[in-house]
Amino acid sequence: MSLLTNVMDHSLDDGYAEAAARKQAEGAGGLPRTVRAKLGLAVGLVLAALVVTVGAAQARVAAPVVAKEREELIDRIDRETDAADELESAVDELRDDVSGRQQEALRQSGGSDRTDLVGILSGAVEVHGPGVKLVVDDAKEATTGGDGNPRETSGFSDTGRVRDRDMQRVVNGLWASGAEAVSINGQRLTALSAIRAAGEAILVDNKPLVPPYTVLAVGDGKNLSTRFQNSADGLYLNALQENYGIRTAISVADDLRLPAAPSVIVRTAQPRTEKGTS
């Protein structure tokens, strides 16, 4: 019975009893937990208000400086824009002057028929006549390639986008099929023209083009269209349409008008002078 009496009288361990007594003593000597939480919240709010006040004061002090710098930047942009416009106008004037001198040189080089032919083949003059209109566009659900590289040697891609290599084959196929003058999106092609890629964009003579790509080719319209569609390059374009959704449309036109190339610069070739025979 003494054991049961001891257990009933001392139901808690001595360690638990000491911990409970210590906790009660600490609570009696300090602030209640709710009061401490409220004090901490008040201190935090005061600090936050202080930070906001200091930030607002600094912004108010710096506002005139920022506004002045903004005005100076706008003025600089306006000046540079005006300077760029003046340079562009000067370039246009020089280009017109060069074109006029080229035309004069062509007239002095021979007869009218020869001059006209040289001008057409070099792209130095505007041309018009029957031909073919070919529109090439990306697939409706075209995506951007993961690495941005042009098509691999297989010649195809699963992105549904028209690549520079595709346009190269289209243009070369039209030349081989009998085209006498070719332009892409109003950009006249010459013997020195280059079709390249810069990321996902197609460049013609370093000028970016956007789809759809409209290719105009002056030539014997119906025969030109038939020869191109039956050529390897025409079949290549048809394969892109069937397998990757590239959209194409070709039609024969009675009168196409192609602009002259912006500038035709001969870097290496020299005219051959005929020597008389005795």
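Criteria and thresholds
- Residues numbered from 1 in each chain as written.
- Predicted model: local features only at pLDDT ≥ 70, side-chain atom pairs only at ≥ 80, totals over all residues.
- Heavy atoms only, no water.
- Helix = DSSP H or I, 4+ residues; strand = E, 2+ residues; numbered from the N terminus.
- Buried < 20%, exposed > 50% of the residue type's maximum accessible area, 1.4 Å probe, protein only.
- Contact = heavy atoms within 4.5 Å.
- Areas by Shrake-Rupley, 256 points an atom, 1.4 Å probe, with all protein chains shown as cover.
- pLDDT = per-residue confidence, 0-100.
- Patch = residues over 30% accessible without salt bridge, like charges linked within 9 Å, V, L, I, M, F, W, Y side chains within 5 Å.
- Salt bridge = Lys/Arg side-chain N within 4 Å of Asp/Glu carboxyl O.
- Lys, Arg positive; Asp, Glu negative; His and termini not counted.
- Charge placed at Lys NZ, Arg CZ, Asp CG, Glu CD.
- Pairing = 2+ DSSP bridges.
- Axes fitted to C-alpha atoms, helices over the stretch in contact; angles between N-to-C directions.

**Here we look at the overall build of the protein**
(1) Moving on: Counting its secondary structure elements, the protein contains seven helices and eight strands.
(2) Moving on: Buried residues in the protein amount to 26% of all 278 residues.
(3) Moving on: Once local pairs closer than 6 in sequence are excluded, the contacts in the protein between residues at least 24 apart make up 73%.
(4) Moving on: Surface exposure of the protein reaches about 19600 Å², of which carbon and sulfur atoms provide 56%.

**A word on the confidence of the model for the protein**
(1) Moving on: Taken over all residues, the pLDDT of the protein has a mean of 78, while the share at 70 or more is 70%.
(2) Moving on: Low confidence marks residues 146-156, where pLDDT is under 50. Its contacts with residues over four positions away, or in another chain, come to 19 contacts.

**So, a negative patch on the surface**
(1) Moving on: Among the surface-exposed residues, Glu69, Glu71, Glu72, Asp75, Asp78, Asp82, Asp85, Glu86 and Glu88 lie close enough to one another that they form a single negatively charged patch.
(2) Moving on: Judged by relative accessible area, which is 40%, Asp75 ranks as partly exposed.

**A look at the sheet that holds strand β4 (residues 195-198)**
(1) Moving on: Strands sit in the order β4-β5-β6 across an open sheet of three strands; the sheet is antiparallel. Here the strands that pair on one side only, and so sit at the sheet edges, are β4 and β6 (207-209). Taking each pair of neighbouring strands and ignoring which way they run, the sheet shows an average axis angle of 40°.
(2) Moving on: Where helix α5 (residues 164-176) meets the sheet, it contacts β4 and β5 (201-204), and its direction lies at approximately 170° from that of β4.

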